[in-house]
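Here is what each chain is made of, one letter per residue.
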Amino acid sequence: MKDPEEHQVKCVQKPTERRRRCRRRSQCKPEKLQETELVSQHGSSATCKSLVFHQRPGYGQLGTKCLIKANHFLADISVSDLTHYNVKITPEVTSRKTCKAIIAELVRLHRNTELATRLPVYDGGRNLYTAGLLPFTYKEFNVTLSEDDDVIGGTREREFKVVIKFATRVSMHQLRELLSGKQVDNPQEALSVFDIVLRELAAQSFVSIGRFLYSPDVRKPQQLGGGLESWRGFYQSIRPTQMGLSLNIDMSSMAFIEPLPVIDFVAQILGKDVQSKPLSDADRVKIKKALRGVKVEVTHRGNFRRKYRISGLTSQPTRELIFPLDDQMNMKSVVDYFQEMYGFTIKYSHLPCLQVGSQRKVNYLPMEACKIVGGQRYTKGLNEKQITSLLKFSCQRPREQETDILQTIQQNNYENNPYAKEFGISIDNKLASVEARVLPPPWLKYHETGREKEYLPQVGQWNMMNKKVINGSTVRYWACINFSRSVQENTARGFCQQLVQMCQISGMEFSHDPAIPIYSARPEQVKKALKYVHSAAIDKLEGKELELLIAILPDNNGSLYGDLKRICETDLGLISQCCLTKHVFKVNRQYLANVALKINVKMGGRNTVLLDALSWRIPLVSDIPTIIFGADVTHPESGEDSCPSIAAVVASQDWPEVTKYAGLVCAQPHREELIQDLFRSWKDPQRGVVYGGMIRELLLSFKKATGQKPLRIIFYRDGVSEGQFYQVLLYELDAIRKACASLEPSYQPPVTFVVVQKRHHTRLFANNHYDRNSTDKSGNILPGTVVDTKICHPSEFDFYLCSHAGIQGTSRPAHYHVLWDENNFTADEIQSLTNNLCYTYARCTRSVSVVPPAYYAHLAAYRARFYMEPDVAEITKLRGTRSKEGPVRPLPALKEKVKNVMFYC
């Protein structure tokens, strides 16, 4: 079955060797502690022992060995030294594109003279790099550049003074040490130089966005609707790996604004003909939002195509617009001006004009005289239809994706790239061949009363036929609200009866009839309807509370789903299960079975448990009480510049089963990645110092649920980029330590801190796409495939794990990086634990692509976005000021009945 929704920082010290219970001391490389100063994002600094990431304890041996391919290409570097120069351009230029054009012109003019035939690369900011030294340490150049002026339109010549000054030599020694497996800091500058070198030539013919390069020539652009189209391109990045330096190449798609006449673009945005009908105020607002900042060129002057950037939209139609023609304030209408000056008759004078230029001098351009300039990336949010189209365009079977990647390598022609030659870089044109292992799936335990009490999944998927959930929950008092006008009461009743029956077949105790009759309500009356049903049930049940609400929603329900979840979980303390109208009309047994699984865990039951957990056979989990955490932070979409970020932490509440996860959420400053509320303390006038925070609360709830305090902590942290590893580990490990110490001063259970990454660009392919024994049905590598050699970090403890069976497209393995490990896991132990946990995900009978605690944290964080009051969310969006200052309005608290169960499933 498929998933239906599928600083003040103190010194961090390790616990004593005695508490570590290290069983393999000879293999352990203890983390070193060094004195350093940490400056937090909040401006405070604290002298602290810095952390050194955990080193690889060895390689995994478990599983069936196989050969696969990865989209990594060996990069050989022959250059011995790189030189860094600082660049200063006056007058100051803010556009990176203009800066690059200035330096390109400088190199064109002076390469064979002052630059002594060196071909430098430039990052568009203050840094210029050469392979070897230039014949000067300081030199001034004068450069004249012809460039487009987006404000006034047309081109103009500008004089610039460019100062190039020697900064330092970029040593290759640290990089060589890292590649040889020694424990050194990441030589980020050297790696960045090679990234710039390999991007330099492609960036001249592609649109460059970070490490991505796009072009309409890679594949024919596909229309996404709403005036957008998708372009194909590729990602490239140099990475240090065990096989040496590797160039990681991956295919990518991105939304761009279609180069349409502005009138056609507006018609697509509004989804209606605009050539005859006037625009409403709402239309005007929508168009203004879509067009602001977009670059256009004029079409009414033949081959003279001046370019402008749109700054706004007039409030009046073109036919009413007049402007001063001269300093004497002689006024002229826009319609007459275009007719007399250019012989251009404005046909659609009922439409507003585009405003271009500066606030001081605004120019008016009729929409029909403008066309959107090609190659502009769309940076605002896509709607659901556009997302579906983009995914369809970018979705490729593994064999197709591999072919495209190899084609990209050939087209990039690195061996004839002048910049690669200059810096002594050669790139292999074959995909890296990698030794992998396919880990065995775990045995799953189901209830004794089912025909199948134990089950061994095949190729990452199974079903509930002949099985009953291992711990069925009890639902005595439930109700149903029907928010869908198209669903009649008898249809809703029939659906509920089938759902109840499926829950009973699955092993739950479920009352056949609702506590009160099915209640129909309009979506806009969601709050009133929920409160009525809640109180009516209490009256009917003589004080006993409703346990479950089934809600039937329209297929397109706007804010209804979020409003319902917010009211149920933060106001009424009521577990709810939403079902869309399309599923009510077309009842599918698989759908009902999945919903039954969700209801069971929401009501406190368990669907399945690892057989090894029940027989106390999971290394470093079964021996002593162990709690497994998952944590994630979700950030608002681009364009929402002041909405808070949402952090979520979940933690297992059962041992040895490690299947039930309670979750907590909190709002924090915009784009803040460090989880602020893991631990906190404050002074209370009556009680003195009071401790709180999500870790502390979840540790306490674990003890309450199991009767024991955790003696080991495994912490899976999702959503952290490599550049944030150090900062996140330092801050969050410290918070875990403080939370433990706040319960008992000597309480310091050993911690394993693992970062989970899905947003990386490593893809793994079967060695032979036609060998059906080495692929799943979708043509992807088999679930359980793990890689910890060759393409992994030279010295640190990381691995790639493809724990799921592919459905469509190319599977993305999860990348796990063990940053800190006081429990001294072997490679086999942490890889096997992670893979086995992926079979315990509660919402479907499939192994999932990310370890469930991290997945649950993501679901909880996503759910919490709905907890922001609608008016607050809208005000925050409208305010649109990018700021981390000022307090973040806290989310409404989850009710006790809700936060101890898996409400987010």
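Values in this document were obtained by computation on a predicted structure and should not be read as measured data.

## Some thoughts on the overall build of the protein chain
(1) Moving on: Tallying secondary structure elements over the protein chain gives 22 helices and 43 strands in all.
(2) Moving on: Taken over the C-alpha atoms alone, the protein chain extends approximately 85 × 70 × 70 Å along its principal axes.
(3) Moving on: Residue burial in the protein chain is summarised as follows: out of 905 residues, 55% are buried.
(4) Moving on: Split by element, the accessible area of the protein chain, about 40700 Å² in all, is 48% carbon and sulfur.

## What about the nonpolar core?
(1) Moving on: Counting 92 residues, the largest nonpolar core has Tyr716, Tyr816, Tyr856 and Tyr904 as its most contacted members.
(2) Moving on: Shared between two domains, this core holds at least three residues of each, these being domain 3 (471–603) and domain 4 (609–756 + 852–879 + 888–900).
(3) Moving on: If near-sequence neighbours (up to four positions away) are discounted, Tyr904 is found in contact with Val650, Tyr661, Gly663, Arg843, Tyr856, Leu859, Ala860 and Arg863.
(4) Moving on: Membership of the second largest hydrophobic core comes to 57 residues, among which are Phe136, Phe141, Leu213 and Leu245.

## Notes on the pairing of strand 5 (residues 81–90)
(1) Moving on: As defined by bridge partners, strand 5 adjoins strand 9 (residues 155–171) across 10 bridges and the pair is classed as antiparallel. Residue Ile89 lies in a different strand from strand 9, and its bridge partner there is Val162.
(2) Moving on: As paired strands, strand 5 and strand 7 (residues 127–131) are joined by five bridges and run antiparallel to one another. Note that in strand 7 the partner of Tyr85 across the bridge is Leu128.

## Side note on the pattern of salt bridges
(1) Moving on: Applying the stated criterion across every chain yields a total of 38 salt bridges.
(2) Moving on: Lys182 is paired through a salt bridge with Glu177; the nearest N and O atoms lie 3.4 Å apart.
(3) Moving on: Residue Lys182 is classed as partly exposed on the basis of its relative accessible area of 43%.
(4) Moving on: The shortest N-O distance in the salt bridge between Asp428 and Lys430 comes to 3.8 Å.
(5) Moving on: A relative accessible area of 52% places Lys430 in the exposed class.
(6) Moving on: Through salt bridges that share partners, Arg437, Asp788 and Asp828 make up one connected network.

## Quick look at a nonpolar patch on the surface
(1) Moving on: Taken together, the side chains of Ile322, Met329 and Met331 present a nonpolar region at the surface, about 310 Å² in accessible area.
(2) Moving on: Within the fold, Ile322 resides in strand 17 (residues 322–324).
(3) Moving on: Judged by its relative accessible area of 48%, Ile322 is partly exposed.

## Considerations on the environment of Asp821
(1) Moving on: Assignment of secondary structure puts Asp821 in strand 43 (residues 814–821).
(2) Moving on: With a relative accessible area of 1%, Asp821 lands in the buried category.
(3) Moving on: In terms of polar contacts, Asp821 uses its side chain to reach the backbone amide nitrogen of Asn823, at 3.1 Å.

## Some details on unusual backbone geometry
(1) Moving on: For the bond from Thr90 to Pro91, the omega torsion is -5°, close enough to zero to count as cis.
(2) Moving on: By the element assignment, Pro91 lies in the loop between strand 5 and helix 2 (96–110).
(3) Moving on: With omega at 15°, the peptide bond leading from Trp655 into Pro656 counts as cis.
(4) Moving on: Tracing the sequence through the fold places Pro656 in the loop between strand 34 (645–652) and strand 35 (661–668).
(5) Moving on: Even without being a glycine, Thr117 presents a positive backbone phi close to 65°.

## Side note on the side chain of Arg712
(1) Moving on: You can see Arg712 is positioned in strand 38 (residues 712–718).
(2) Moving on: A distance of 2.8 Å separates a polar atom in the side chain of Arg712 from a polar atom in the side chain of Asp623.
(3) Moving on: For Arg712, the side chain forms a polar contact with the side chain of Thr626, separated by 3.1 Å.
(4) Moving on: In contact with Arg712, other than residues within four places in its own chain, are Leu620, Val621, Asp623, Ile624, Pro625, Thr626, Ile627, Pro749, Pro750 and Asn823.

## Remarks on the domain arrangement of the protein chain
(1) Moving on: One can read the domain layout of the protein chain as domain 1 (79–175), domain 2 (262–373), domain 3 (471–603) and domain 4 (609–756 + 852–879 + 888–900).
(2) Moving on: A straight line from the C-alpha centre of domain 2 to that of domain 4 covers 52 Å.

## Brief notes about the packing of helix 11 (residues 489–505) against helix 15 (residues 589–602)
(1) Moving on: Axis separation between helix 11 and helix 15 bottoms out at 9 Å; the angle between their running directions is 65°. When the axis of helix 11 is compared with that of helix 15, the two are roughly perpendicular. In this structure, helix 11 meets helix 15 at a crossing whose hand is right-handed. Residues Phe495, Gln498, Leu499, Met502, Cys503 and Ile505 of helix 11 touch helix 15, and the partners they reach there are Arg589, Tyr591, Leu592, Ala593, Val595, Ala596 and Ile599.
(2) Moving on: Here the contact of helix 11 with helix 15 is composed, by residue class, of 11 nonpolar, one polar and one charged.

## Concerning the UniProt feature "domain: PAZ" (unreviewed entry) in the protein chain
(1) Moving on: As annotated by UniProt and renumbered to match this structure, "domain: PAZ" (unreviewed entry) occupies residues 261–374.
(2) Moving on: Secondary structure within residues 261–374 divides into 25% helix and 31% strand; the distance between the first and last C-alpha atoms comes to 11 Å.

Each value, and the rule that gives it
- Residues numbered from 1 in each chain as written.
- Predicted model: local features only at pLDDT ≥ 70, side-chain atom pairs only at ≥ 80, totals over all residues.
- Heavy atoms only, no water.
- Helix = DSSP H or I, 4+ residues; strand = E, 2+ residues; numbered from the N terminus.
- Buried < 20%, exposed > 50% of the residue type's maximum accessible area, 1.4 Å probe, protein only.
- Areas by Shrake-Rupley, 256 points an atom, 1.4 Å probe, with all protein chains shown as cover.
- Core = buried A, V, L, I, M, F, W, Y, C linked by side-chain atoms within 4.5 Å.
- Domains from an automatic or database assignment.
- Contact = heavy atoms within 4.5 Å.
- Pairing = 2+ DSSP bridges.
- Salt bridge = Lys/Arg side-chain N within 4 Å of Asp/Glu carboxyl O.
- Patch = residues over 30% accessible without salt bridge, like charges linked within 9 Å, V, L, I, M, F, W, Y side chains within 5 Å.
- Polar contact = N/O pair within 3.5 Å; in protein donor to acceptor, adjacent residues only side chain to side chain.
- Axes fitted to C-alpha atoms, helices over the stretch in contact; angles between N-to-C directions.
- Parallel < 35°, antiparallel > 145°, perpendicular 65-115°, else oblique.
- Left-handed = near helix turned anticlockwise from the far one by under 90°.
- Nonpolar A, V, L, I, M, F, W, Y, C, P; charged D, E, K, R; others polar.
- UniProt positions renumbered as here; feature names shortened; annotations may be inferred.

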